Amino acid sequence: MNSHAKIPAHVAIIMDGNGRWAASRGMDRTRGHARGADSVRACIVAAITAGVRYVTFYAFSTENWGRPAGEVDSLMELLCDSVVRETPELIERGVRVVAIGDREGLPEKVRRHIDRIEGDTASGSKLTIVLAVNYSSRNEIARAAARIATKITTGELSPENVTEETLSAELFTASIPDPDLLIRTGGECRLSNFLLWQSAYAELYFTPVMWPDFGEREFAAALEEYAGRERRFGNIQPTQNN
Ligand code: FPP
């Protein structure tokens, strides 16, 4: 296998540890999120350099609404500010931004900023950034099932023709390849309702590094670890096959 084949096409990231990073420095949690936005930028640069085609960032889960209102508001503001600040450079670098998640459940201002960055970066062809905002994987799968049920009810689809592809096509990620590598920072080893269907065969990379400390070097280290992994997709090694 050549070295290019060892670069993951799609890296998905659970950005965890912002709050602990801030608390350990006597700072407000929101300062950790702000520094986390710098890590997003660093990973975008590292992804372009490495030739990764898609990076998905878990920016806000449906469960995150349970946080104190001040923290939720500051996360929404940070998202809007980042969109405004980063759009020119993203366009210049050939980056396209798309969002996944329940958009209807977001404040109108956030929806507007997401619509705007998707439109402004639509022609980017080097790297696609997928922002998971107000995202829940279980909700996404249930929504896909409901859409399939509707198609069956209207006669557009018959039950025996429902396949994995049919369901994939109804997910928010329909036009996005499944992640090859899923990174979680902050030391926890769980998926937290993130891309559960899509990550069936993703390589998982858990690191104790807090998200604000995760930069270009850490991203490169995750890619290096991925390059050393053997992906078998449920099969056995070719040499064991005879
Ligand atoms: C988890 O850390 C992080 C989040 C819930 C938010 C992630 C958002 C950003 C980094 C903001 C910028 C994003 C973009 C795309 C511009 P945590 O607060 O759960 O950390 P903790 O486990 O230490 O409390």
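Above: the structure in question.
Thresholds applied
- Residues numbered from 1 in each chain as written.
- Predicted model: local features only at pLDDT ≥ 70, side-chain atom pairs only at ≥ 80, totals over all residues.
- Heavy atoms only, no water.
- Near = heavy atom within 4 Å.
- Polar contact = N/O pair within 3.5 Å; in protein donor to acceptor, adjacent residues only side chain to side chain.
- 1 Å grid on protein atoms, 1.4 Å probe; cavity = no way out; pocket = protein on both sides within 12 Å on 5 of 7 lines; lining within 4 Å.
- Sits in = over half its atoms within 2 Å of the grid points.
- Helix = DSSP H or I, 4+ residues; strand = E, 2+ residues; numbered from the N terminus.
- Nonpolar A, V, L, I, M, F, W, Y, C, P; charged D, E, K, R; others polar.
- Axes fitted to C-alpha atoms, helices over the stretch in contact; angles between N-to-C directions.
- Parallel < 35°, antiparallel > 145°, perpendicular 65-115°, else oblique.
- Left-handed = near helix turned anticlockwise from the far one by under 90°.
- Contact = heavy atoms within 4.5 Å.
- Phe/Tyr/Trp six-rings, centres within 6.5 Å; stacked < 30°, edge-to-face > 60°.
- Buried < 20%, exposed > 50% of the residue type's maximum accessible area, 1.4 Å probe, protein only.
- Right-handed = clockwise from strand over helix to strand, strands pointing away.
- Points joined across faces, edges and corners; volume = space filled by probe spheres on them.

A short note on the site of the ligand
In the region of the ligand, 17 residues are neighbours, and Met15, Asp16, Arg20, Arg29 and Arg67 sit closest. Arginine 20 is positioned such that a nitrogen or oxygen atom in its backbone is 2.7 Å from an oxygen atom of the ligand. Within the side chain of arginine 29, a nitrogen or oxygen atom sits 2.8 Å from an oxygen atom of the ligand. Using a 2 Å cut-off from the grid points, one finds that the ligand occupies the largest pocket. Elements that contribute at least two residues to the shell around the ligand include exactly helix H1 (18–23), helix H2 (29–50) and helix H3 (69–92). Of the residues that constitute the shell around the ligand, the class distribution is six nonpolar, seven polar and four charged.

Overview of the packing of H2 against helix H7 (residues 216–227)
Packing of H2 against H7 brings their axes to within 8 Å, and their N-to-C directions diverge by 45°. It follows from the interaxial angle that H2 and H7 lie oblique. Crossing handedness for the pair H2 and H7: right-handed. Only Glu216, Phe219 and Leu223 of H7 make contact with H2, whose side of the interface consists of Ala42, Cys43, Val45, Ala46, Ala47 and Ala50.

What to know about the packing of aromatic side chains
One pair of aromatic rings is described through two measures. These are the centre distance and the angle between the planes. Scanning the entire structure with this criterion turns up seven aromatic pairs. Arranged with centres 4.8 Å apart and planes meeting at 70°, the rings of phenylalanine 60 and tryptophan 65 form a pair that is edge-to-face. Look at tryptophan 211 and phenylalanine 214: their rings are 5.3 Å apart centre to centre, the planes differ by 20°, and that puts the pair in the stacked class. You can call tryptophan 211 buried: its relative accessible area is 0%. Judged by its relative accessible area of 1%, phenylalanine 214 falls in the buried class. Members of the aromatic cluster, connected to one another through ring pairs, are Phe57, Trp211 and Phe214.

What about the pairing of strand S3 (residues 95–100)?
Within S3, five of the six residues are buried, leaving the element largely enclosed by the surrounding structure. On the question of chirality, the crossover connecting S3 to the parallel strand S4 (residues 127–135) by way of helix H4 (residues 108–120) is left-handed.

Notes on the layout of surface pockets
A volume near 990 Å³ is recorded for the largest pocket. For the largest pocket, the lining is made up of 44 residues, of which Met15, Asn18, Tyr58, Ala59 and Phe60 are closest to its centre. At the level of elements, H1, H2, strand S2 (54–61), H3 and S4 are the ones that each hand at least two residues to the lining of the largest pocket. Split by residue class, the lining of the largest pocket holds 20 nonpolar, 10 polar and 14 charged. By volume, the second largest pocket is sized at about 340 Å³. If you trace the second largest pocket, you find 22 residues lining it, with Ser168, Asp178, Trp197, Gln198 and Ala200 closest to the centre.

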